[in-house]
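Working through the structure, step by step
So the chains spell out like this:
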Amino acid sequence: MYVAGDIALLIVDWSMRGTARDGSTVDLSGTATDVARRGPDGQWRYVIDNPHGTA
């Protein structure tokens, strides 16, 4: 996470494995790039959610 004031850039590696409804295997992964902003109440909220980064 890179924070500059009330804006943050999050870079996160993720993976998801499981079984689809049709019984096939699900095996996904990627590197997400997200931007968040801190609100007046101090809570962080996503402004941009890009689960596949630059892929």
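Everything here concerns the structure above.
Everything in this summary refers to the structure shown in the same document. (Residues numbered from 1 in each chain as written. Predicted model: local features only at pLDDT ≥ 70, side-chain atom pairs only at ≥ 80, totals over all residues. Heavy atoms only, no water.)

Right, let's talk about the overall build of the protein for a bit. Of regular secondary structure, the protein possesses zero helices and four strands. Scaling as 2.2 N^0.38, a compact globule of 55 residues should have a C-alpha radius of gyration of about 10 Å, whereas the protein reaches 15 Å, well beyond that. A buried classification covers 13% of the 55 residues belonging to the protein. Of all intrachain contacts in the protein linking residues separated by at least 6 positions in sequence, the fraction that spans at least 24 positions is 26%. As presented, the protein carries roughly 4500 Å² of accessible surface, and 53% of it is formed by carbon and sulfur atoms. Averaging the coordinates of the 5 positive side-chain charges in the protein and doing the same for the 7 negative ones gives two points 5 Å apart. (Helix = DSSP H or I, 4+ residues; strand = E, 2+ residues; numbered from the N terminus. Rg over C-alpha atoms; globule rule 2.2 N^0.38 Å. Buried < 20%, exposed > 50% of the residue type's maximum accessible area, 1.4 Å probe, protein only. Contact = heavy atoms within 4.5 Å. Areas by Shrake-Rupley, 256 points an atom, 1.4 Å probe, with all protein chains shown as cover. Lys, Arg positive; Asp, Glu negative; His and termini not counted. Charge placed at Lys NZ, Arg CZ, Asp CG, Glu CD.)

A few words on the pattern of salt bridges. Inspection of every chain in the model, using the stated rule, returns three salt bridges. Between Arg38 and Asp6 there is a salt bridge; the shortest N-O distance is 3.1 Å. Taken as a pair, Arg38 in strand β3 (residues 25-38) and Asp6 in the loop between β1 (2-4) and β2 (7-19) lie far apart in primary sequence, 32 residues in all. A relative accessible area of 30% places Arg38 in the partly exposed class. (Salt bridge = Lys/Arg side-chain N within 4 Å of Asp/Glu carboxyl O.)

Note that β2 and β3 share 13 bridges and pair antiparallel. In the strand pairing of β3, Leu9 is matched with Val35. Two successive antiparallel strands, β2 and β3, enclose a turn made up of five residues, where Gly23 displays a positive phi of approximately 90°. By the bridge criterion, six bridges tie β3 to strand β4 (residues 44-50) in an arrangement that is antiparallel. (Pairing = 2+ DSSP bridges.)

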